[in-house]
Amino acid sequence: MVGIMSYGAYIPIYRLSREEIEKVWGGGSRKGERVVANCDEDSITMAVEAVINCLSGIDRESIDGLYFASTTSPYRVKRAATIIAAAADLRPDIFTADFTNSFGAGASALRAALDAVSACSAKRVVVVASDCQLAPPNSAFEPLYGDGAAALLISNAETAVSFTEKYSISSDFLDIWRREKGDTYIRTWEDRFVVDNGYMVYLREAIFHLLKISGLTIQDVTKFAYYAPDPRSHAGMARVLGLGKNQVQEPMFDVLGNTGSAFFMMLLVAALEQAKTGNKILAASYGDGADAFLLNVTNQTEMIKNKKGVAHYLASKMMLPNYGTYLRFRNLMEWEKTPMPGPESSVTVMWRDDKALIRGYGCKCKTCGHIQFPPQKVCMWCQERGYFEEVRISDKKGKLFTFSLDERAVFALDLPNVLAIVDLDDGGRVYGQLTDRDPSKINIGMPIELTFRKFHEGAGFHNYSWKCRPLR
């Protein structure tokens, strides 16, 4: 039976309260907060985090494919799934694919993975959905959107959750769109028309049809995890379906926000975190039609509950101090031009150092056993030359040995720029930039982990590599 072998999720550490937004634009006293990606995060880096969490404890050589879904890929022409697969250190001989152009892209990627595994063209496929949406300032979307990612490992063996039925419906209904040219933000029609004639019609039809072919009633399903554009629409769908309060997966609008193509999968992961043996979960997505999936939780569900999921990351947060910081992170204003030249980049350097920069490999001295990152030509401990073996450091942890703060770093969007030296738990050191940190709470000896982030834009392409951050 094809099902979910593992799951993972990722939610950035920063939150922007709706009160801070209303201090700038006025309005009522709306409560709650939305997740905001750090200035060095995007849909690719968040997807990498979710995939690595999903594959914790699983042999990465066993993965046959990776499908990436997003409406905010940093590239128009360049497959983002290949970058994610490399950063997760997967085999090069796997199939990768991007799914985009709709909030339903996550469900499309999931269905494709289910079909591939069912057809035995692959045994294990990772599906990851991630969005980092840009909302127009002072719009209804600005306090509503959130950033995040979720990943599922689809397998034909050792599954904790099996898919028993699926149903999809396609629609060309024009509700949300963004044109290839001229549109920085998404466009939408009048919200009541969109919800009443699009969302309510197609999602309801997909759910009812799935129940019909499954021979189940509403009461037979333990939990419904379904997409909605906003809290009012979500509550309206629950009323239309006749759901009991305990049957509805908490949509997290006040603590997370609508995460676009990743939203439906993040709600599914949240439901799986609380699931028990024998539970039936109905997950449904909306976007250019609707997709619905019926899942049955087996007695092996405990084997996947030690992953970093939605609940873990929701509890780990820092508040943005003000709306201006959010503007700077999202580059929503015209800023003072620096006289300093920008960072230089080279495709040939990226190609030559791919294993270190993207896959996160350092070197381990064969003489003294110390690990070093970035890779060295001469061992920092015993001064042996060129006697190293490659070792992946991206999933290692350590403790902060020392650090420096630069309050005037020219290219840093999140001052001060913090550089750190980290002693790894199994010997050796990592040198790198410290992100997701509160400068007033950096302490020698604090636990540190590695995270895949965007460094800068140079030579017309995105430059990614590994940074350090306080353990989450």
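Positions within a chain are numbered from 1, following the residues in the order the chain's sequence is written. Only residues with pLDDT of at least 70 are given local features in this predicted model, and only at 80 or more are side-chain atom pairs given and counted; all residues enter the totals for whole chains, interfaces and linings. Note that the side-chain values use all heavy atoms of the structure and ignore hydrogens as well as water.

Some details on the nonpolar core
Thinking step 1. One finds Leu 66, Ile 154, Tyr 199 and Tyr 226 to be the most contacted residues of the largest nonpolar core, which totals 142 residues.
Thinking step 2. Take this core: its biggest share by element is ten residues, from helix α7 (residues 263–274).
Thinking step 3. No fewer than three residues from each of domain 1 (3–330) and domain 2 (347–470) sit in this core.
Thinking step 4. Contact between two residues is taken to exist if any of their heavy atoms lie within 4.5 Å; hydrogens are not considered. Setting aside anything within four residues of it in sequence, one finds Ile 154 in contact with Val 2, Gly 3, Ile 4, Leu 110, Ala 113, Leu 114, Val 117, Lys 123, Arg 124, Val 125, Val 127 and Phe 163.
Thinking step 5. Grouped together as the second largest cluster of nonpolar side chains are 13 residues, Tyr 14, Ile 21, Tyr 323 and Phe 329 included. For the purposes of this section, nonpolar cores are sets of buried Ala, Val, Leu, Ile, Met, Phe, Trp, Tyr and Cys residues that join through side-chain atoms within 4.5 Å. Only protein chains enter the accessibility calculation, which uses a 1.4 Å probe; a residue whose area is less than 20% of its type maximum is buried, one above 50% is exposed, and one in between is partly exposed. Secondary structure elements are defined from DSSP: runs of H or I of at least 4 residues count as helices, runs of E of at least 2 residues count as strands, and each element is numbered from the N terminus. Domain start and end points were adopted from an automatic or database domain assignment.

Comments concerning unusual backbone geometry
Thinking step 1. Cis geometry marks the peptide bond from Phe 373 to Pro 374, where omega comes out at 0 degrees.
Thinking step 2. In the segment running from Leu 415 into Pro 416, the intervening peptide bond is cis, with an omega of 0 degrees.
Thinking step 3. You can see Pro 416 is positioned in the loop between β18 (397–406) and β19 (417–424).
Thinking step 4. In the Ramachandran plot, Asp 89 falls in the positive-phi region, its phi being about 60 degrees despite a non-glycine side chain.
Thinking step 5. Residue Asp 89 is classed as buried on the basis of its relative accessible area, which comes to 10%.
Thinking step 6. Its identity is not glycine, yet Gln 383 carries a phi of approximately 65 degrees, on the positive side.
Thinking step 7. Note on Gln 383: relative accessible area 49%, which makes it partly exposed.

Some details on the domain arrangement of the chain
Thinking step 1. Domain annotation of the chain identifies domain 1 (3–330) and domain 2 (347–470).
Thinking step 2. In this structure, domain 1 and domain 2 have C-alpha centres spaced 31 Å apart.
Thinking step 3. Taken together, the contacts link 27 residues of domain 1 with 22 residues of domain 2.
Thinking step 4. Summed over both sides, the interface of domain 1 with domain 2 buries roughly 2,200 Å², with 46% coming from carbon and sulfur. For any pair of parts, buried area is found by adding up, for both, the accessible area (1.4 Å probe) each one loses once the two are put together.

Things to note about the state of the cysteines
Structurally, a disulfide amounts to a covalent bond that connects the sulfur atoms of two cysteines.
Thinking step 1. Two cysteine sulfur atoms make up a disulfide if the distance between them is within 2.5 Å. Considering all chains together, one arrives at zero disulfides under this definition.
Thinking step 2. In this structure Cys 368 is not part of a disulfide, and its nearest cysteine sulfur, from Cys 379, lies 3.5 Å away.
Thinking step 3. The partly exposed category is assigned to Cys 368, whose relative accessible area is 30%.

As for the side chain of Thr 451
Thinking step 1. With respect to the helices, strands and loops of the structure, Thr 451 is situated in strand β21 (residues 447–458).
Thinking step 2. Given a relative accessible area of 1%, Thr 451 falls into the buried group.
Thinking step 3. Here a polar contact is taken to be a pair of N or O atoms separated by no more than 3.5 Å, where protein atoms must pair a possible hydrogen donor with a possible acceptor and residues adjacent in sequence count only if both atoms sit in side chains. Reaching out from Thr 451, the side chain makes a polar contact with the side chain of Glu 49 at a distance of 2.3 Å.
Thinking step 4. In terms of polar contacts, Thr 451 uses its side chain to reach the side chain of Arg 453, at 3.2 Å.
Thinking step 5. Discounting residues that sit within four places of it in the chain, Thr 451 has contacts with Glu 49, Thr 435, Ser 465, Trp 466, Lys 467, Cys 468 and Arg 469.

Concerning helix α6 (residues 231–241)
Thinking step 1. Inspection of α6 places Ser 233, His 234, Gly 236, Met 237, Ala 238 and Leu 241 among the buried residues, and these make up the whole buried set.
Thinking step 2. In this structure, the buried residues of α6 make contact with α5 (191–214) and β11 (223–226).
Thinking step 3. Gly 242 sits one or two residues past α6 and shows a positive phi near 75 degrees.

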